[in-house]
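A structural walkthrough
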Amino acid sequence: MSILGRNLMEPEPTLLPAEPEVTESLAAGEEPVDLAAEHPTSSLVWALLGEDALDQGYTVEGYAYARVGYHRGLDSLRKAGWRGSGPVPWSYEPNRGFLRALAALGQAAAAIGETDEVVRIQKFLNDCDPQAAEEIAKFR
């Protein structure tokens, strides 16, 4: 995008590092539960575990997995230069693990009645990328 039409007061988008070992292992059929021990900092692995647990009705486990993915993602965002706000675009594939963990955390928080957390998470997800929730829904 050119400088025209861009809000110059908004920070640059944060782009997380790619995780080729994780994505290649998942594509080869390895299970997220096995990859979590090998790649504990991967938000994608924890997001997948959280989504799967929630889909199977294991709400508390899904909440816990998603929370780990969310916190691992915050660590990665900070290492990538994120300062607590600014875009984290869904269109950049390595960001998707964090965004999916965040969405799964919101889903789990809703399931356990954490309404204040749900509101915070929805706002955070929208602030990261207004299209992220819609895109994540396509994966679920």
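Structure's up top.
Residues numbered from 1 in each chain as written. Predicted model: local features only at pLDDT ≥ 70, side-chain atom pairs only at ≥ 80, totals over all residues. Heavy atoms only, no water.

1. What to know about the overall build of the protein chain
In terms of regular secondary structure, the protein chain is built from seven helices and zero strands. Listed by position from the N terminus, the elements making up the protein chain come as α-α-α-α-α-α-α. Taken against the 2.2 N^0.38 rule, which gives 14 Å for 140 residues, the C-alpha radius of gyration of the protein chain at 15 Å falls within 12% of a compact globule. Projected onto the principal axes, the alpha-carbon positions of the protein chain cover approximately 45 × 35 × 25 Å. Summed over its atoms, the accessible surface of the protein chain is roughly 8,100 Å², and 53% of this surface lies on carbon and sulfur atoms. In the protein chain, 12 positive and 22 negative side-chain charges are present, and the distance between their average locations comes to 8 Å. (Helix = DSSP H or I, 4+ residues; strand = E, 2+ residues; numbered from the N terminus. Rg over C-alpha atoms; globule rule 2.2 N^0.38 Å. Areas by Shrake-Rupley, 256 points an atom, 1.4 Å probe, with all protein chains shown as cover. Lys, Arg positive; Asp, Glu negative; His and termini not counted. Charge placed at Lys NZ, Arg CZ, Asp CG, Glu CD.)

2. Comments concerning the side chain of S43
Within the element layout of this structure, S43 appears in helix 3 (residues 43-55). Separated by 2.7 Å, the side chain of S43 and the backbone oxygen of G69 make a polar contact. Setting aside anything within four residues of it in sequence, one finds S43 in contact with E19, G69, R72, G73, G97, F98 and A101. (Polar contact = N/O pair within 3.5 Å; in protein donor to acceptor, adjacent residues only side chain to side chain. Contact = heavy atoms within 4.5 Å.)

3. Focus: the nonpolar core
One broad rule of soluble globular proteins: the nonpolar side chains tend to lie buried together. Counting residues in hydrophobic clusters, the biggest one holds 25 residues, and the most contacted among them are F98, L99 and F124. For this core, the secondary structure elements donating two or more residues are helix 4 (59-79), helix 5 (96-111), helix 6 (115-128) and helix 7 (132-139). Ranked by residue count, the leading element in this core is helix 5, at eight residues. Every residue in contact with L99, bar those within four places of it in the chain, is listed here: V88, P89, W90, L125, C128, A132 and I136. With eight residues, the next largest nonpolar core counts V22, A36, V45 and W46 among its residues. (Core = buried A, V, L, I, M, F, W, Y, C linked by side-chain atoms within 4.5 Å. Buried < 20%, exposed > 50% of the residue type's maximum accessible area, 1.4 Å probe, protein only.)

4. What to know about the pattern of salt bridges
Tallied over the full model, the rule gives five salt bridges. Its salt-bridge partner being E51, residue R100 comes within 2.5 Å of it at the nearest N-O pair. Residue R100 is found in helix 5, and its partner E51 is found in helix 3; the two are separated by 49 residues along the sequence. Both residues of the pair, R100 and E51, belong to the buried class. For E135, the salt bridge is made with K138, and the minimal N-O distance between the two is 3.3 Å. Taken as a pair, E135 and K138 lie in helix 7 at a separation of three residues, close to a single helical turn. (Salt bridge = Lys/Arg side-chain N within 4 Å of Asp/Glu carboxyl O.)

5. Some words on helix 4
Think of an α-helix as turning once every 3.6 residues; residues three or four places apart then point the same way. Taking 1.5 Å as the rise per residue, helix 4 with 21 residues should run 30 Å; its terminal C-alpha atoms sit 30 Å apart, in good agreement. Among the residues making up helix 4, those that are buried are G62, Y63, A66, G69, Y70, G73, L74 and L77. Buried positions in helix 4, seen along its axis, are confined to an arc of 145° and lie on one side of it. More than 90 degrees from the buried face of helix 4, the exposed residues found are V60 and K79. Looking at the packing, one finds that the buried side of helix 4 touches helix 3, helix 5 and helix 6. (Expected span 1.5 Å × (residues − 1). Arc of directions from axis to C-beta.)

6. Remarks on the packing of helix 5 against helix 6
Remark: helix 5 packs on helix 6, axes separated minimally by 9 Å, with the N-to-C direction vectors making an angle of 160°. Our classification of the angle between helix 5 and helix 6 gives roughly antiparallel. As for the relative orientation of helix 5 and helix 6, their crossing is left-handed in sense. The segment helix 5 lies against helix 6, with F98, L99, L102, A103, L105, G106, A109 and A110 engaging E117, V118, I121, F124, L125 and C128. For the contact of helix 5 with helix 6, a count of residues per class yields 12 nonpolar, one polar and one charged. (Axes fitted to C-alpha atoms, helices over the stretch in contact; angles between N-to-C directions. Parallel < 35°, antiparallel > 145°, perpendicular 65-115°, else oblique. Left-handed = near helix turned anticlockwise from the far one by under 90°. Nonpolar A, V, L, I, M, F, W, Y, C, P; charged D, E, K, R; others polar.)

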